[in-house]
Amino acid sequence: MNIHEKYINRCIELAKNGLGATYPNPMVGSVVVLNDTIIGEGWHRKAGESHAEVNAINSVNDKTLLKEATIYVNLEPCSHYGKTPPCANLIVEKGIKNVVIGSIDTNSKVKGKGVEHLKKHGCNVIVGVLENECKNLNKRFFTFHNKKRPFIILKWAETVDGFFDKLRNEADENSPNWISNQYSQQLSHKMRAENESILVGTTTALNDNPNLNVRNWSGQNPVKIVIDKTLKIPLNYNLFKGSSKIIVFTEEYFEKRVAKNMFFEKIDFSKNIPKQICDVLYRLEIQAVIIEGGAKTLQSFIDENLWDEAFVFMGNVLFHNGLKAPKLKKTPIRIEKVLTDTLKIYSNK
């Protein structure tokens, strides 16, 4: 690892502190270096607050050193006025002449304009250091801007014999048939805290009565999304409790039924449902969604090839019969053990 990679790697480490808190902004870290010594560092903590470069520059005790220093940042400094002033302007104003950038920002508001501004004002700019690692860090952000849809994560648990759920009767309703262990469930809640939204279908909402929040981890609750064609999920279900935003995809005249924090989106259920959902979520500027169920909903996204990652937990459980788990014709990129469970991780690159 050369000197530039060393400090861009530090930027990536810092940026990860903002995971789950920066939407709709990307995760960004920055360090200020003089004579191979970090004299300032910072990261973007939350949308609307100071960007990473600002925090890094402000953390330098002796500002006279900035003119001799190099600033590193994993993503191209912004060049437009939003909730905060442009970082590229600040770098120029502070007299920092050397700038090393991990990857270009593909957001149309930036997209090379930050680099152009820096070069125009006499900065020495290096771009593309640990570029793949920087892009992977902000895979949600890049997918949203490049593919015009949210980053889609599929997640489910299945038994050793390949079942997603038991056959339901009235005695089984309103509670989940647990397959994964408590540590896998905690890991699932960590994923919820790290992603902007979570989606389930009608059957899962009715059968499991899920909360779809973060209970076994620390972090912000995701936006709740449910597919409910005929609005048959009762309003007293857990899904509709709490203060989190709720989006309901339906074909009904949703003016008949409005509750706090609920937003209705009408789609055509005779057409491509996953594509319509992606289009709406893009319009609503939701950058990432976890699809948690049910099996039919998960399979529909698989069949349309609308997914980026999949996390399949195999519990040490046998159901012998029931609802079959979704079929994913891919080879896992990684397999991990979560005590008695096996976690298979897939990528759709």
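Cut-offs applied
Residues numbered from 1 in each chain as written. Predicted model: local features only at pLDDT ≥ 70, side-chain atom pairs only at ≥ 80, totals over all residues. Heavy atoms only, no water. Helix = DSSP H or I, 4+ residues; strand = E, 2+ residues; numbered from the N terminus. Rg over C-alpha atoms; globule rule 2.2 N^0.38 Å. Buried < 20%, exposed > 50% of the residue type's maximum accessible area, 1.4 Å probe, protein only. Contact = heavy atoms within 4.5 Å. Areas by Shrake-Rupley, 256 points an atom, 1.4 Å probe, with all protein chains shown as cover. Lys, Arg positive; Asp, Glu negative; His and termini not counted. Charge placed at Lys NZ, Arg CZ, Asp CG, Glu CD. UniProt positions renumbered as here; feature names shortened; annotations may be inferred. Phe/Tyr/Trp six-rings, centres within 6.5 Å; stacked < 30°, edge-to-face > 60°. Lys NZ or Arg CZ within 6 Å of the ring centre and 35° of its normal. Pairing = 2+ DSSP bridges. Axes fitted to C-alpha atoms, helices over the stretch in contact; angles between N-to-C directions.

A few words on the overall build of the chain. Within the chain, the regular secondary structure consists of ten helices and 16 strands. Whereas a compact globule of 349 residues would reach a radius of gyration of roughly 20 Å, the chain reaches 23 Å, a difference of no more than 12%. Oriented by its inertia axes, the alpha-carbon framework of the chain measures out at about 75 × 45 × 30 Å. Buried residues in the chain amount to 52% of all 349 residues. Once local pairs closer than 6 in sequence are excluded, the contacts in the chain between residues at least 24 apart make up 69%. Taken as a whole, the chain presents about 17000 Å² of accessible surface, with 48% of it coming from carbon and sulfur. In the chain, 48 positive and 38 negative side-chain charges are present, and the distance between their average locations comes to 1 Å.

The subject of this paragraph is helix H6 (residues 139-147). Burial of H6 is extensive: seven of the nine residues sit out of reach of the surface. The positive-phi residue at the C-terminal boundary of H6 is lysine 148, with phi of around 60 degrees.

The UniProt feature table records "active site" (unreviewed entry) at Glu53. If you trace the backbone, glutamate 53 turns up in helix H2 (residues 52-58). In this structure, glutamate 53 is in contact with Val28, Ser30, Ile71, Val73, Leu75, Pro77, Cys78, Cys87 and Ile91, ignoring residues within four places of it in sequence.

On to the packing of aromatic side chains, then. For any pair of aromatic rings, geometry is given as the distance between the ring centres together with the angle between the planes. By the definition in use, this model includes three aromatic pairs. Centre to centre, the rings of tyrosine 7 and tyrosine 72 are 5.2 Å apart; their planes meet at 45 degrees, and the pair counts as tilted. Remark: tyrosine 72 occurs in strand E3 (residues 70-75) and tyrosine 7 occurs in helix H1 (residues 3-15); sequence separation between them is 65 residues. The residues tyrosine 7 and tyrosine 72 share a single accessibility class, namely buried. Ring geometry for phenylalanine 144 versus tyrosine 282: centroids 4.7 Å apart, planes at 40 degrees, classification tilted. Linking phenylalanine 144 in helix H6 with tyrosine 282 in helix H9 (residues 273-283), this pair joins segments that are 138 residues apart in sequence. Judged by relative accessible area, which is 6%, phenylalanine 144 ranks as buried. Owing to a relative accessible area of 27%, tyrosine 282 belongs among the partly exposed residues under this scheme. Lysine 245 extends its terminal NZ or CZ atom over the ring of phenylalanine 263, reaching a point 5.0 Å from the ring centre. In this structure, lysine 324 packs its charged tip against the face of phenylalanine 163, placed 4.5 Å from the ring centre.

Once that is clear, we can look at the sheet that holds strand E6 (residues 151-158). If you walk across this open sheet you meet the nine strands as E11-E10-E9-E8-E12-E6-E13-E16-E15, and the pairing is mixed. Of all the strands in the sheet, the pair left with one neighbour each is strand E11 (262-266) and strand E15 (334-338). Along the sheet, successive strands turn relative to each other by an average axial angle of 20 degrees, direction set aside. Sheet topology places strand E8 (residues 197-200) next to strand E9 (residues 223-227); four bridges connect them, and they run parallel. Pairing of leucine 199 across the sheet is with isoleucine 225, part of E9. Contacts from H9 reach E6, E8, E9, strand E10 (246-250), E11 and strand E12 (288-293), with the element oriented near 145 degrees to E10.

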